[in-house]
Amino acid sequence: MTQDELKQAVAEAAADHVARHLPEGGMLGVGTGSTANLFIDALAPIKSRLGGAVASSEATRLRLERQGIPVLDLNAVDRLPIYVDGADEIDPGMNMIKGGGGALTREKIVAAVSDTFICIADASKLVPVLGRFPLPVEVIPMAVRQVSRALAALGGTPRVREGFVTDNGNLIIDVHGLAIADPVGLETAINQIVGVVTNGLFAIRGADILLLGTPEGVRIRVRE
Ligand code: 5RP
């Protein structure tokens, strides 16, 4: 099976999970990226069951609206029963690196108000230790040099993402060469650097359920 076929399989499995577990008229949080896009498409047969969705990026908002799913501002919602999103890497402890698409801050905000975070990923995303994928850090533009120096002091090699501005008007620094033994500690340490908006480690609030696309079928892991 190709990577796209594995993504398609987990997208359909997630839509099936939503059909079975989201209360009728419930609100759904929706992530960003190619796997999340396939998930949005897979919602078509059940969209009338949804009260609406909260989007983690402008791209996701547009795709949901094209699908005919109403999109609400997060400030209009208290809690989301389910949030579905992809990941760049996930480890056996359900910690993730996210932000390859640059939507990490809104993704983290939506995840923070969600009861259940469902990560949808093809098998290549499951790794023993996070860090081979460069860790994205969203930064206020005037702080880029200062934050880069602080990230280098933590042991990584920071590179500003060329020609990219986030939905929030900020820049992304991708940190290469990290082997992340303590995801919660590093997430906390990077968030303390002045000028950082947030970083792409999702460890303090990791995934609750992983739907992993493998050639043998979709495997389900639940956070212990
Ligand atoms: C976007 C993300 C995505 O979830 C992550 O990059 C995975 O993307 P894809 O499903 O395209 O592999 O965090 O900010």
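The preceding data block contains the structure.
Quick caveat: nothing in here was measured; it's all calculated off a predicted structure. (Residues numbered from 1 in each chain as written. Predicted model: local features only at pLDDT ≥ 70, side-chain atom pairs only at ≥ 80, totals over all residues. Heavy atoms only, no water.)

Q: Help me understand the site of the ligand in this model?
A: The environment of the ligand is made up of 17 residues, and the closest members are Ser34, Thr35, Asp88, Gly99 and Lys125. Contact between the ligand and Ser34: an oxygen atom at 2.5 Å from a side-chain N or O atom of the residue. Here Lys125 contributes a side-chain N or O atom positioned 2.8 Å from an oxygen atom of the ligand. Starting from 380 Å² of accessible surface for the ligand in isolation, the protein chains cover 90%. Comparing atom positions with the cavity grids shows the ligand to sit within the second largest pocket. (Near = heavy atom within 4 Å. Polar contact = N/O pair within 3.5 Å; in protein donor to acceptor, adjacent residues only side chain to side chain. Areas by Shrake-Rupley, 256 points an atom, 1.4 Å probe, with all protein chains shown as cover. 1 Å grid on protein atoms, 1.4 Å probe; cavity = no way out; pocket = protein on both sides within 12 Å on 5 of 7 lines; lining within 4 Å. Sits in = over half its atoms within 2 Å of the grid points.)

Q: Can you walk me through empty space enclosed by the protein in this structure?
A: Rolled over the atoms, a probe as big as a water molecule pinpoints where empty space is left. This model, assessed by the stated rule, comprises 1 cavity of 30 Å³ or more. Roughly 40 Å³ of internal volume is contained in the largest cavity. In terms of lining residues, the largest cavity is bounded by Ser56, Ser57, Gly102, Ala103, Leu104, Thr105, Arg106, Glu138, Thr166, Asp167 and Asn168. The dominant element in the lining of the largest cavity, judged by the number of residues it contributes, is helix H4 (residues 104-112), at 3 residues. For the lining of the largest cavity, the residue count by class is 2 nonpolar, 6 polar and 3 charged. (Points joined across faces, edges and corners; volume = space filled by probe spheres on them. Helix = DSSP H or I, 4+ residues; strand = E, 2+ residues; numbered from the N terminus. Nonpolar A, V, L, I, M, F, W, Y, C, P; charged D, E, K, R; others polar.)

Q: Just checking my understanding: could you explain the pattern of salt bridges for this structure?
A: Proximity of charged atoms lets side chains of opposite charge pair with each other. With the rule as written, the count across this model stands at 14 salt bridges. Among the salt bridges present, the one from Arg61 reaches Glu65, with a minimum N-O distance of 3.1 Å. One end of the pair is Arg61 and the other is Glu65, both in helix H3 (residues 58-66) and 4 residues apart, which spans about a single turn. The class of Glu65 is partly exposed, set by a relative accessible area of 40%. Close ionic contact of Arg205 with Asp208 constitutes a salt bridge, the shortest N to O distance being 3.0 Å. (Salt bridge = Lys/Arg side-chain N within 4 Å of Asp/Glu carboxyl O. Buried < 20%, exposed > 50% of the residue type's maximum accessible area, 1.4 Å probe, protein only.)

Worth remembering: the numbers are spatial, not functional.
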